[in-house]
Structure formats: structure tokens, C-alpha cells
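Here's the letter readout for the chains.
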Amino acid sequence: MDQPTPNEHAVTESFLPEPVRALLDGAEPADIVIGLLTFNDASTAPAVARTLLAGLNRNDQQRILLVNCDAGSQDRTPDLVQQAVGDKSRFWAVQHPVMGTSLHVLSESGVPGRDTAVRTLAMVADRLASKACLIVDGNLKSTHPRWAELLTAPILEKGADCVLPQFNRNRYEGTLTSTLLAPVTRALYGRRVAYHQGGAYAFSGAFIRSSLLSQPWDGEVPTYGIDGWVMTLAVAEQADVYQARLGPRVQQAKPLGDLATIIAQAVGCVFHMMERYQHVWESVKASTAVSTIGEQARLGDFVGTLHVERMIHGFRQGLRDLVPIWQIVLSPETFQQVLELGVDDTESFRFPSRLWVQAVYDLALAYHDRLLYREHLLKSLTPLYLGYTASLVLATRAQPVTQVEEELERLAIEYEAMKPYLTQRWRWSDE
Amino acid sequence: MLSTDPLWYKDAVFYEIHVKAFADGNGDGIGDFQGLIGKLDYLQWLGVDCIWLLPFYPSPLKDDGYDVADFLQVAEQYGTMDEVRHFLDEAHRRGIRVIVDLVLNHTSDQHTWFQQARSSPQSPKRGFYVWSNNDRTYGKARIIFIDTEKSNWTWDPEAKAFYWHRFFSHQPDLNYDNPEVRQAMLETMAFWLDQGLDGFRCDAVPYLFEREGTICENLPETHTYLKEVRRKIDVAYQGRILLAEANQWPTDVRPYFGDGDEFHMAFHFPLMPRLYMGVQSGNRDPIIDMFTHTPEIPPNCQWCLFLRNHDELTLEMCSGEERDYMYYTYARDPKMRRNIGIARRLAPLLENDRRKIELLNSLVFTLPGSPIIYYGDEIGMGDNVQLKDRDGVRTPMQWTMDRNGGFSNCDPARLYLPVVADPIYGYQSVNVESQKAMPHTLLQWMKQMIKVRKQHPAFGRGTITFLRPANGRVLVYVRRHEDTTLLLVHNLAGSAQPVELDLKEFAGSTPVELLGEARFPRVTERPYVLTLAAYGYYWLNLVPEHPRGEFYGIEQTAL
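Calculation notes
Residue indices follow the written sequence of each chain, beginning from 1 at its first position. Working convention: letters from A go to chains and numbers from 1 go to ligands, in the order in which they are written. Local features in this predicted model are restricted to residues whose pLDDT is 70 or higher, and side-chain atom pairs enter the listing and the counts only when it is 80 or higher, whereas totals over whole chains, interfaces and linings include all residues. Think of the side-chain values as coming from all heavy atoms in the structure, minus any hydrogens and water. By the criteria applied, helices consist of DSSP H or I runs no shorter than four residues and strands consist of E runs no shorter than two, each listed in order from the N terminus. For the exposure calls, accessible area comes from a 1.4 Å probe over protein chains only, and a residue counts as buried if that area is under 20% of its type's maximum, exposed if over 50%, partly exposed in between. Should any heavy atoms of two residues lie within 4.5 Å, those residues are considered in contact. Per-residue and other accessible areas follow the Shrake-Rupley method at a 1.4 Å probe size, with only the shown protein chains counted as cover for residues. As used in this record, nonpolar core signifies buried Ala, Val, Leu, Ile, Met, Phe, Trp, Tyr and Cys residues forming a set joined through side-chain atoms within 4.5 Å. Note on pairing: two strands pair once DSSP finds at least 2 bridges between them. In this description, a line fitted to the C-alpha atoms serves as the axis of each element, helices being fitted only across the stretch in contact, and the angle between N-to-C directions of two axes falls anywhere from 0 to 180 degrees. Angular relationships are summarised with four words: roughly parallel below 35 degrees, roughly antiparallel beyond 145, roughly perpendicular across 65 to 115, and oblique for the angles in between. For any pair of crossing helices, the crossing counts as left-handed if the nearer helix is rotated counterclockwise from the farther one by less than a right angle, and right-handed if it is rotated clockwise. For this classification, Asp, Glu, Lys and Arg are treated as charged, while Ala, Val, Leu, Ile, Met, Phe, Trp, Tyr, Cys and Pro are nonpolar and the rest, including Gly, are polar. A pair of Phe, Tyr and Trp rings is counted when the ring centres sit within 6.5 Å of each other, with Trp represented by its six-membered ring. The angle between the planes then sorts it: under 30 degrees is stacked, over 60 is edge-to-face, the rest tilted. Definition used: whenever NZ (Lys) or CZ (Arg) falls within 6 Å of the ring centre and also within 35 degrees of the ring normal, the charge is taken to sit over that ring. Once two parts are put together, the accessible area they lose, assessed with a 1.4 Å probe and summed over both, is termed the buried area. Here, a salt bridge means any Lys or Arg side-chain nitrogen found within 4 Å of an Asp or Glu carboxyl oxygen. N or O atoms closer than or at 3.5 Å make up a polar contact, with two conditions inside protein: a donor-capable atom paired with an acceptor-capable one, and, for residues adjacent in sequence, both atoms drawn from side chains. On a range of 0 to 100, pLDDT expresses the predictor's confidence in each residue. To estimate how far a helix should reach, multiply one less than its number of residues by 1.5 Å. Two cysteine sulfurs form what is called a disulfide whenever their separation falls within 2.5 Å. Throughout, the arc means that of the directions going from the helix axis to the C-beta atoms.

(A) Looking closely at the overall build of chain B. Counting its regular elements, chain B contains 16 helices and 20 strands. Per-residue burial for chain B yields a buried fraction of 64% across its 559 residues. Nonlocal contacts in chain B, meaning residues at least 24 apart in sequence, comprise 68% of its contacts between residues at least 6 apart. When the accessible surface of chain B is split by element, carbon and sulfur atoms take 51% of a total near 20,900 Å².

(B) Fine view of the overall build of chain A. A tally of helices and strands in chain A yields 20 helices and 10 strands. Expressed as a percentage of the 431 residues in chain A, the buried residues total 60%. The long-range share in chain A, meaning contacts at least 24 apart out of those at least 6 apart in sequence, stands at 83%. Carbon and sulfur atoms make up 49% of the accessible area of chain A, which amounts to about 17,200 Å² in all.

(C) Looking closely at the nonpolar core. In terms of nonpolar packing, the biggest core is built from 167 residues, with Tyr15, Leu53 and Tyr276 of chain B touching the most fellow members. Take this core: its biggest share by element is eight residues, from helix H6 (residues 179-195) of chain B. Beyond its immediate chain neighbours, meaning those up to four positions away, Tyr276 of chain B contacts Leu307, Arg308, Leu313, Met326, Tyr330, Leu346, Leu349, Leu350 and Leu360 of chain B. In terms of nonpolar packing, the next biggest core, distinct from the first, is built from 118 residues, Ile208, Phe271 and Trp426 of chain A together with Ala558 of chain B among them.

(D) Representation of the pairing of strand S14 (residues 463-467) of chain B within the structure. Residues and elements named next belong to chain B. The pairing of S14 with strand S15 (residues 474-481) spans five bridges and is antiparallel. When the bridges of S15 are listed, Thr463 appears paired with Arg480. Counting the residues in the hairpin turn of S14 and S15 gives six residues.

(E) Geometry of unusual backbone geometry. All names here are of chain B. At Asn218, a position not held by glycine, the phi torsion is positive, near 60°. Along the polypeptide, Asn218 turns up in the loop between strand S7 (199-203) and helix H7 (220-236). A positive phi angle is found at Tyr535, which is not glycine, with a value near 55°. Within the secondary structure layout, Tyr535 lies in the loop between strand S19 (528-532) and strand S20 (537-543).

(F) Layout of the packing of helix H7 (residues 175-189) of chain A against helix H18 (residues 382-396) of chain A. All names here are of chain A. Relative orientation of the contacting elements H7 and H18 amounts to 110°, with a least axis distance of 11 Å. What the angle tells us is that H7 and H18 run roughly perpendicular. Seen along the crossing, H7 lies across H18 with a hand that is right-handed. Within the contact between the two elements, H7 uses Thr175, Leu176 and Thr179 and H18 uses Tyr385, Tyr388, Thr389 and Leu392. Taken together, the residues that form the contact of H7 with H18 break down as four nonpolar, three polar and no charged.

(G) Main features of the packing of aromatic side chains. Enumeration according to the criterion identifies 57 aromatic pairs over all chains in this entry. Feature note: the residues Phe33, Phe56, Tyr57, Phe71, Phe87, Trp113, Phe128, Phe191 and Trp192 of chain B constitute an aromatic cluster, connected by ring pairs. For Arg249 of chain A, the ring lying beneath its charged end belongs to Phe167 of chain A, and the centroid distance is 5.6 Å. Lying across the ring of Tyr375 of chain B, Arg345 of chain B places its NZ or CZ 4.6 Å from the centre.

(H) Looking closely at the interface of chain A and chain B. Chain A puts 32 residues into the contact, and the matching count from chain B is 15 residues. Across the chain A/chain B interface, buried area totals approximately 1,900 Å², and carbon plus sulfur atoms make up 58% of it. For the pair chain A and chain B, the number of links is zero salt bridges. Across the contact surface, chain A and chain B share eight residue pairs in polar contact (both at pLDDT 80 or more). The set of elements that each furnish at least two residues to the side of chain A that touches chain B consists of H7, helix H11 (259-276), helix H13 (308-321) and H18 of chain A. Residue composition of the side of chain A that touches chain B, grouped by class: 14 nonpolar, 10 polar and eight charged.

(I) The arrangement of the sheet that holds strand S1 (residues 14-17) of chain B in detail. All names here are of chain B. The strand order S1-S2-S3-S7-S8-S9-S10-S13 describes a closed barrel built from eight strands, whose pairing is parallel. Recorded for the sheet is a direction-independent mean angle of 25° between the axes of neighbouring strands. In terms of strand pairing, S1 meets strand S2 (residues 50-53) through four bridges, oriented parallel. Residue pairing for S2: Phe14 is matched across the bridge by Cys50.

(J) Layout of the environment of Leu88 of chain B. All names here are of chain B. On the secondary structure map, Leu88 appears in helix H4 (residues 81-93). Of the residues examined, Leu88 reaches a relative accessible area of 2% and is grouped as buried. For Leu88, the residues in contact, after removing those within four places along its chain, are Val98, Gln195, Gly196 and Leu197.

(K) Representation of the confidence of the model for chain B within the structure. For chain B, per-residue confidence averages 93 on the pLDDT scale, and 98% of positions sit at 70 or higher. Reported confidences for the modelled complex are a pTM of 0.66 and an ipTM of 0.81.

(L) Seen up close, the sheet that holds strand S4 (residues 132-137) of chain A. All names here are of chain A. An order of S3-S2-S1-S4-S7-S5-S8-S10 is seen for the eight strands of this open sheet, with the pairing classed as mixed. Sheet topology places strand S3 (90-95) and strand S10 (291-293) at the edges, where each strand pairs with a single neighbour. Across this sheet, the average inter-strand angle for adjacent strands is 20°, counted without regard to direction. Pairing of strand S2 (residues 64-70) with S3, which is carried by six bridges, proceeds in the parallel orientation. Bridging from a neighbouring strand, Cys69 pairs with Val94 of S3.

(M) Molecular detail of the side chain of Asp377 of chain B. Take Asp377 of chain B: it is sitting in the loop between strand S13 (370-374) and helix H14 (432-437). In this structure, Asp377 of chain B is in contact with Arg308, Arg345, Leu346 and Leu442 of chain B, ignoring residues within four places of it in sequence.

(N) Here's a closer look at helix H5 (residues 114-127) of chain A. All names here are of chain A. Its 14 residues place the ends of H5 20 Å apart at the C-alpha level, agreeing with the 20 Å of an ideal helix rising 1.5 Å per residue. With 13 of its 14 residues buried, H5 lies for the most part within the structure. After H5 finishes, the residue Ala129 shows a positive phi value of roughly 55°.

(O) Fine view of the environment of Leu243 of chain B. Residues and elements named next belong to chain B. Inspection of the secondary structure puts Leu243 in strand S8 (residues 241-244). Along the chain, Leu243 and Asp203 lie 40 residues apart, while their C-alpha atoms are 8.7 Å from each other. Sequence-distant contacts of Leu243, defined by excluding residues within four places in its chain, comprise Ile99, Phe200, Arg201, Cys202, Phe263, Met265, Ala266, Phe267 and Cys304.

(P) Representation of the packing of helix H16 (residues 353-369) of chain A against H18 of chain A in the model. Residue and element names in this part refer to chain A. Where H16 meets H18, the closest approach of the two axes is 11 Å, and the angle between their N-to-C directions is 160°. As judged from the angle between their axes, H16 and H18 are roughly antiparallel. When you trace H16 past H18, the crossing you get is left-handed. Note on element contacts: H18 touches H16 through Leu384, Tyr385 and Tyr388, opposite Ser353, Trp356, Ala359 and Leu363. Here the residues of the contact of H16 with H18 are counted per class, giving six nonpolar, one polar and no charged.

(Q) Region of interest: the pattern of salt bridges. Residues and elements named next belong to chain B. Scanning the entire structure with this criterion turns up 45 salt bridges over all chains. Between Lys227 and Asp261 there is a salt bridge whose closest N-O contact spans 3.9 Å. Of this pair, Lys227 sits in helix H7 while Asp261 sits in the loop between helix H8 (250-253) and strand S9 (265-267), placing them 34 residues apart in sequence. Glu358 is paired through a salt bridge with Arg354; the nearest N and O atoms lie 2.8 Å apart. Of this pair, Glu358 and Arg354 both sit in helix H13 (residues 354-366), separated by four residues, roughly a single helical turn. When its relative accessible area of 31% is taken as the criterion, Arg354 is described as partly exposed. Each of Asp41, Glu90, Arg93 and Arg94 takes part in one network of salt bridges that share partners.

(R) Geometry of the environment of Gly27 of chain B. Residues and elements named next belong to chain B. With respect to the helices and strands, the residue Gly27 is situated in the loop between helix H1 (19-22) and helix H2 (33-38). What makes Gly27 buried here is its relative accessible area of 17%. Placed 384 residues apart in sequence, Gly27 and Asp411 show a C-alpha to C-alpha distance of 8.6 Å.

(S) The arrangement of the state of the cysteines in detail. All names here are of chain B. Counted by the stated rule, this structure contains zero disulfides over all chains. Considering cysteine sulfurs only, Cys304 is the nearest to Cys50, which forms no disulfide, with 8.8 Å between them. With a relative accessible area of 0%, Cys50 lands in the buried category.

(T) Inspection of H13 of chain A at higher detail. Residue and element names in this part refer to chain A. The end-to-end C-alpha separation of H13 is 20 Å, in line with the 20 Å expected for 14 residues at 1.5 Å each. Regarding H13, the residues found buried are Val308, Met311, Ile312, Gly314, Phe315, Gly318 and Leu319. One side of H13 carries all its buried residues, which in axial view fall inside an arc of 155°. Turned more than 90 degrees away from the buried face of H13, the exposed residues are Glu309 and Arg320. Residues of H13 that are buried in the fold lie against helix H14 (323-329), helix H15 (332-341) and H18.

Set out below in C-alpha cells:
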């Protein structure tokens, strides 16, 4: 990989806060940088730090630096993390820049300005010539010592560019990911990643230099959330991606925002990156699995209560309130079929997978064509998502978990099969 | 499709229409049911849930239809009974209910009952009215129409007796002590409910009975009869409603709700002038005081709130000082005054200030009760104070900038009243067509407010708690219903105002502005600071930090 010129260093480092630049001046190299992202995580972050260091200290030959990137905690989180790691370990506490808009955009970790934290860590890892940079949220209560090894071993031992997490999930957990984000990413870029957001991932120093730091880091990144952005970036840049099965993911609860906002951010990220990487995805014809390490687990039982009737009601409310928007963003045939779904009673309600895929692709096209203010367009997906999720639950809730997995696999194949529908229309709109 | 919720009226937005004033279907210059049917799509578009029709019965029209000559017919100029039924079907098909004025207290002197009654003391209908051989009986009863009436008794030379009337002398009061009268009015109601009407706005209910030594208002006998009416409706006509017109203090109106077994709804008359006072003086006290004096009502009952209606802005429930203030502020020209009130429409009252119009509508849409919009006020129609009585606020609806404002294609000279045509409020500039075509007009704003209101049952069903921040120009209240908490903030002043709110109780929640869905900074233990533009307002939904159970069950795990 090319080394940045001194002038490039100056440009990128102007982003770094002065205290970080001071720490970097004359700092010793680090083989592995552990980035711990925190914001008022005093109850969990010290344990997470200890756990990660324990996992990496098994290999004494690696020079490790733990960087606590904090968003301005009021509960002394950085002090407590420092106490937890002790004097023997190298430790930096830095406060990453939090832009005004970031306060409204909380990622799944609940850390404001998470994008600038990741960027700061990437720059630190780059300046310290690190082989790997591991980034973990400070509120992940289920962090295990083996996480550090699973996330860094493919980079250190096999030359991987990045390692993405795959957590154990329960039936119907992460339905936006399993019915849209992951299968769309798979259909677009040909890589079958689980697309599990938040918590833990790692990058090689080379990937940071060639692909992460070279990105424009424009205003769209904080809008859409950094996790989806880096995952999409990894597959779109055709990096050597590994997945690490990390087991369950238990997080200290923090507010995420309303469902429509979550959808707008997560799906908006995918659509945003489609525009940037059209030259990559339009020629991809099939998908392949990515290398995955760690213990495999099936979907677990669903925990909680699903309100299917409310979801269907939410879909019908969309039929009442959003028809003018759907008329604009959906193709006429999709729109007509969606309208016809409104007459079914609850138990017999079904939202065909093909129609769902078609609707998602229609929205991607409408996003590309800027048919509406993009946030409104993305939020108008919410009732459709509720309708499809309700249909999925109604069709499979009496079935074994394998049936759910098979249904989701069929859906992913449907996305791939219908990709020409998307590609052709996308090209027409460009002409 | 009509809502099946028996408490539908608690969430409903009402719209008051005079048939003659809304749309002329046959080109005779008078609005009618054919015209009205043609405008139902507009009302559905606007989001109206229930139409309130003023009387459309045959009448000599000395009191604009409130002098009913036949309770069981439709006035010829408005259409036929078949057209009324067709109108009801078409309204229901669009999810709109219809209630109509029913004048319980009196008839026209042209009603056959009165004609027969006056003809002879032996007439079977003589007992349908209240007679006396002197004009001193019930001397404690006040005279309501002091501009035109000197006594509640009028000598009838044909009957050779005085007859009792609380309103105009051509409107003799029915005698509710007579069981035949009570039965006849019950049958009248049943007749209209059988045609498909969804209820009645019952006119002048406090005056049904008379007792010597009393003011002849709100008597126990009246409540006994009204409960009988309600029983009949509950048994045979579920989902239909009774709305009381009782221009009284809330404590005096409260008995009309009974134990939830009398009226479903009642107008909150005294609130209306206090809303205007509050905005004009930039002081929240008149509004809060009025709610302080408003008693709790049964859970199945509801107040009706309004800014304007077909009558004058009544000041009967105001003190002399308050009345002087209202006249000085809103009706310096004596032509604007009628009886004890001000006969002007909303927009002219507020000097056509869009900010004040929005603010007052916002109050009526967010205070406890169901709002009523008077036809034309959604586009800011003007009035004509040169017309007699209250005709100035009953001019034709302004639909387009075409001839007669699109109300009728007749010769303008044939119109029942002239269309408002002045430079500010004239139909050329103020009409539905032009306001529908532009995105930021008053009409579009009203439509948006109605839509947002319907999305949150807390507006119609929630409790209210007033906050009292140091800045007395800002009116702040919280509406709670089930898991929803709404924070409503109104700047009553004509200049920008800051306000510090003690929202400790809601610490951790995020205020989400309901019209634009913008998320405001999270509420903490510290004072919550808001700034408001002149006459500005916020409708904020306080979304809790930790939802008490997810709504769909997938929100926290969607990713």
C-alpha cells in the first residue's frame, strides 16, 4: 500500500483534536489498537476493557494500545476504564469531536458522534503503523475474551482486510437486517454477510489506509450511521472480509429512536452507497459466502411479544396516509399490488416476498431519482416493512425455526433473482 | 366507512353548515342538499368527521330557520326528503356523520300546533303552549334578546291571552308540562333518527320548563325529560348523540351531562370569549381560570369547543368589565354588535392576522373537547356587518373566484345574501379553490392540523394539567392519555417569548414536534427552555426514554 505523503498527513490530521495530536507526537508504534467507544458507560466499559485486554494479552509479543474514545461522559467513564486496565497496559483516553447534528443521530451503541470516533481511531491506528484496529462498544455486556482473538486473528494470521461480527440471534430478531439490509447487500455486492450492526469489528492497517481513510467522510456518514457504512464499504470495496461468530450480543439498553428513523438511517445508508458503488454492483451476478470463524448457532427462540395485529394496522395506516407518496415512489404495478393487500383480514394477511423485494427496489430507484425528499421517502418504507414482517411472522410462527431460516434464504435468493429489475431501471434513469 | 367506536364523538372534528349558505345545486340562489352532496368530497378531504346542519325544516325564516313551522318536513327551498336521505347515505359512505339542529324549546307561530292552539281555549293543541292572562307570571326569568324583546310574554289577540316565549315573540315556547308535547318531540326525534341522522344539536335546552319563583332555567324537570330522551336513544339508536346548547356557566351546564345519562356533549360557551381575551391581552389567566371553573364530566361525555358559529360571539357569560373589554377590542363599530355579543367572523375579529388565527385554532384543537369549525372559517372568510341581524356571518361559502364565489350560478341579484366581495375577504381572493392549489394556505394548515389531531387520541380523551411557568404570556398544558403525553405550548403575546418549563417529571423523554416530527433536545432535571415566535405554538409529544413496552415488539431489535 502507498504511504501517505506528509501533506496528506497534514490534511487528515487537521481533523484530530489537539490532545490526540499531542499524544501521537513521538508515540511508540502499536501492533493492535483497541478502540473502546463510550458515552456514560461507567457501569459496563471497565469490564469490557479488561475482557478485551485479557483476550489479547495471551500473546505477549504484540504491542497493544487501548484507546478510550469518549463522547463526553458525565459519569467518569474514562477514569474508571483507566483504573480497570491498570498501569501496566498502554492506555489513552481521548474525547472525539461531536458535531451538532450527531446529537440527533445515535448509533446502536448510543454514542453520539460515533463516526468521528471511528475516524479518530482509524487515524491513530494508521499513525502508529498498527497491523489491526479493533473497535468495540463500551456498553456490550456480553463481551468475551475470545472476541479479541476472533476479531483479530484473521487479520494477523490470514491477511484479512476486515472482520465483521455475527451474533447469535433469536427468531424474528433483526428483521430489518434479515429481510432487507443483508439480502440487498448480498444481491448487490455478491457477499453473504450477516450485516449485524453495532458492537465489534476489526480492520487491518492496510485496509484503513487504502479504503477507510481515503473516503470523503462526508455529511452523509453520520446521517446514516457508521456501522452500516463500514460494513457496506468493506463489501463494496471488495475487501477480504471475514465474519466472526461472537455468540450472543447483550447491550446496556440505550434509546435508538423511533422505528421510522431507524429504518431511514439504516436503509438510507445502503441506498446511499448504491450510488457511490454502482460500478461495482451492477456487474455482480451471483453471491458467495464469506469465510466465517467461531461456533455456529441456529436462531434461538423469540423473546418478548410480537404485536402482529398492530403491525398490520400500521401497514393499513400507511395505506390511508401514504398513498400519495407511494404513488410517486412505487412503480404502478407494485403500487396496485400493495393496495390490494389492504383488504385481507388479519390471519390471512400475506405480503408476498416478491412484492416486498420489488417495493424495496422501487424505493431504491426513487431514492436514486430523488423523486421526494429522501428522509420522507425512506420513512415511507416503515408501513411496508411492518406489513412484510407481520406476514413473515404469520406464515412461520407455528413452524420450527428452520422454517424461518429457509424462508429468509428464499427471500435472499428472490433479491438476487430480481436484481435485473433494479439494474435495468437504474440504468434507464441514468440515461 | 363510519367508525364503530361508540365514543367516536370524543375524537371527532365537527363542521357547522347552514344548508342555504354552502352550495346551490339548482341555481335558485339558495344553498340546498344537492349542492351539499356535491361538496362532501371537499369535507372528506379536509378531514371532517361530523357535519352539524342548522335547521332545514319549513319555516317563515324570521329567525333563520330556528322558527320551525313543521318538524317532520324539509323546507322546499333546500330539497326533498329523498335528497336528505341521499345526502346522509353519501356522507356516511365517506365516513362522515351528520347531526342536525332540533329546536326543542319552541316553534314558529306559524306551526299548525300554535295556529290550532290560539284558535280556541278548547283546542286540543291549546295545552301545547304556555298561556297566561297577565304578563307578570314567571317574572324572575331574564329576557334574552334584549335588543328586540321587552317581555317574555306577548299578547295574542286571537287567543285573547298572553303566550310565553324566551326568545323572539314569533317563537312561542312549547309547554313541556304537557305529556303530549313531550311525546310529540320524542316522536320527532325518532322520525329523523330513522332517516339516518346521527344525532341532534338540541337548541336552547335550559328553558323547557317554567316554575314560578325561579329564573325558569335549568330546572330539575328539564333534566328528567332529557334523561328520558337519552334512554330512548340508547335503547333504539346506539351511536347517535345529543349535543346540548346551553349558554351557561360550566357548573350550570354540568348537570346536563347527568351521570353520563343525559347529553353526550355540550358547548363550552364561556371559554370562547376568554380565548379571545387571552390572545388580545397576551395573558393566559382568563383561559386557565375558565378551566379552573370547569368541573369534571363523566368519562363518556365531551365538551364542544368553538371559536365562532352562526350566532354572535356571545358575551352573556362575561362580567360587565369583560364585556366592555371585548366590545372595545373587537367591536368598536356598533354595527358589529348584536344582542349581547359580536356578530363577526373569525378572520375579521383577528384583523386577518394569520398568526392569531392559527394560534386560536391551535388552542381549540388541543384543549379538552371536540372542535367545531364554522363553515368558511377554514379559509378565513370575512363578514358583512352591513347586513341585518346575524346575516353578516351567514353569507355564501366562497368556493372559487367565479361568479357568486362558485356558490351558485344564478343571477347575483337572486342570492339569498350577497357574497362577500370586499378587497380583503372577497371571494376573488379568499376561496377554497385557490387555497387548495397552494401548499401553505390557511386551508392547507387546517387540513394538516386536523390530520395530526386525529393521530393522537390524547387530544380528545386526555386529561389536562396546566403548567405555570414564570412567563405569564405563555400558556402551557400537558394532555395525558394511556401511554401518550402531549405538551402544548402557546405564546399568547405578539412578540417572541422565552419560557422555562419545569419538566422534571418527564426527564429522559424526547419532545417530538407533531407537525414536522422534529426531535427536540431531551428533557432533563433542569429547566427546559423554549423560545416561541410571536403567537407561536408547539405541539410536542413527550416520547419516553424507555418505552413502557414496545408497540410492535420489533423496534429494539429491528437491526
